[in-house]
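Read off the chains here:
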Amino acid sequence: AGLTKKFGSFIAAQNISFEVAKGEIFGLLGPNGAGKSTTFKMLCGLLRPTEGKASVMGLDLQVAPGVARSHIGYMAQKFSLYGNLSVRQNLQFFSGIYNLRGEAQKEAIRQMIEIFSLSPYLDMSSDTLPLGIKQRLALASANMHHPEVLFLDEPTSGVDPITRREFWTHINGLIQKGVTIMVTTHFMDEAEYCDRVALVYRGKIIDIDTPDMLKDKTRSSENPNPTLEDAFIKMIENYDAKNSSRVETR
């Protein structure tokens, strides 16, 4: 709540507050430089807020970061895999990072190989994998310890639409198991998968709602059936117009 991040005099995120329900897919959307990545990194404990606090499962990331992070899985935009390691070695490495040992580690690796259909690729180095398989491996690595909350930072950037749909099939499978998903994306078709979306612009959240409600809010006689992209453009235009008029009247 009230998350703010300043870099010198520049305010990257200002007074960001929201709650995400268990089992929800919650999306952070916004143009490049809007503050969504800064907000995202504060929420998963990668960046310390200047003001405010972030909690996961009721645990404050600043007070008990180790305990809080044990409930979190994180998949970075560039996948954070070790290219010189094989698929099997990456799985072993990441399961070790999450403090899995012995039989628990073996079982977690076995499950990830099965769930994400990685058997044919186990001895390939991860930098030689097709992008879609690399993406699957990154998701498997983030899920080793069965986190309750999974953070996905632009998870399908650079992949083709078919691979993107396949990825979301895996995500929906995790949702059915009760995992909560936080995702940043600039793809409007992905935003449609979200239960709720927060539009981040100029370091602030300018609206939070379901994709359908966001479209309803910008419906007009000129555009009776707006797309989500139409809705976002209209909301940003309205925000800019409102704030420029405030400056003029002062």
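Here, the structure is the one placed above.
Residues numbered from 1 in each chain as written. Predicted model: local features only at pLDDT ≥ 70, side-chain atom pairs only at ≥ 80, totals over all residues. Heavy atoms only, no water.

Draft legend 1. The arrangement of a nonpolar patch on the surface in detail. On the surface, Tyr-82, Phe-93 and Ile-97 cluster together to form a nonpolar patch covering roughly 280 Å² of accessible area. Mapped onto the fold, Ile-97 is located in helix 3 (residues 87-97). (Patch = residues over 30% accessible without salt bridge, like charges linked within 9 Å, V, L, I, M, F, W, Y side chains within 5 Å. Areas by Shrake-Rupley, 256 points an atom, 1.4 Å probe, with all protein chains shown as cover. Salt bridge = Lys/Arg side-chain N within 4 Å of Asp/Glu carboxyl O. Helix = DSSP H or I, 4+ residues; strand = E, 2+ residues; numbered from the N terminus.)

Draft legend 2. Quick look at the packing of helix 3 against helix 5 (residues 131-142). Following both chains from N to C, one finds helix 3 and helix 5 inclined at 25 degrees, their axes separated by 9 Å at the closest point. Looking at the two axes, helix 3 sits roughly parallel to helix 5. Considering how the two elements wind past one another, helix 3 and helix 5 form a crossing that is right-handed. Between helix 3 and helix 5, the contacting residues are Val-87, Asn-90, Leu-91 and Phe-94 on the first element and Leu-137, Ala-140 and Ser-141 on the second. Counted by class, the contact of helix 3 with helix 5 contains five nonpolar, two polar and no charged residues. (Axes fitted to C-alpha atoms, helices over the stretch in contact; angles between N-to-C directions. Parallel < 35°, antiparallel > 145°, perpendicular 65-115°, else oblique. Left-handed = near helix turned anticlockwise from the far one by under 90°. Contact = heavy atoms within 4.5 Å. Nonpolar A, V, L, I, M, F, W, Y, C, P; charged D, E, K, R; others polar.)

Draft legend 3. Up close: the environment of Leu-29. As for its position among the elements, Leu-29 is in strand 3 (residues 25-29). Owing to a relative accessible area of 1%, Leu-29 belongs among the buried residues under this scheme. For Leu-29 and Gly-45, which are 16 residues apart along the polypeptide, the C-alpha to C-alpha distance reads 19 Å. Sequence-distant contacts of Leu-29, that is, excluding residues within four places in its chain, are made with Lys-36, Thr-185, Met-188, Ala-191, Val-197, Ala-198, Leu-199, Val-200 and Phe-232. (Buried < 20%, exposed > 50% of the residue type's maximum accessible area, 1.4 Å probe, protein only.)

Draft legend 4. Local environment of the state of the cysteines. Counted by the stated rule, this structure contains zero disulfides. No disulfide involves Cys-44; its nearest neighbouring cysteine sulfur is the one of Cys-194, lying 16 Å away. Accessibility expressed as a relative area gives 4% for Cys-194, which makes it buried. (Disulfide = S-S within 2.5 Å.)

Draft legend 5. Structural context of unusual backbone geometry. A positive phi angle, near 50 degrees, is found at His-146, a position not held by glycine. By the secondary structure assignment, His-146 is in the loop between helix 5 and strand 7 (149-153). For Arg-202, which is not a glycine, the phi torsion comes out positive at approximately 50 degrees. Secondary-structure assignment places Arg-202 in the loop between strand 9 (196-201) and strand 10 (204-209). For Arg-202, a relative accessible area of 55% translates into the label exposed.

Draft legend 6. View of the packing of helix 5 against helix 6 (residues 161-176). In contact at an axis separation of 10 Å, helix 5 and helix 6 are set at 20 degrees when each is read in the N-to-C sense. Considering their axes alone, helix 5 and helix 6 lie roughly parallel with respect to each other. Here the hand of the crossing between helix 5 and helix 6 comes out right-handed. Packed against helix 5, whose contacting residues are Gly-132, Gln-135, Arg-136 and Leu-139, the element helix 6 presents Thr-163, Glu-166, Phe-167, His-170, Ile-171 and Leu-174 at the interface. Here the contact of helix 5 with helix 6 is built from residues that sort into four nonpolar, four polar and two charged.

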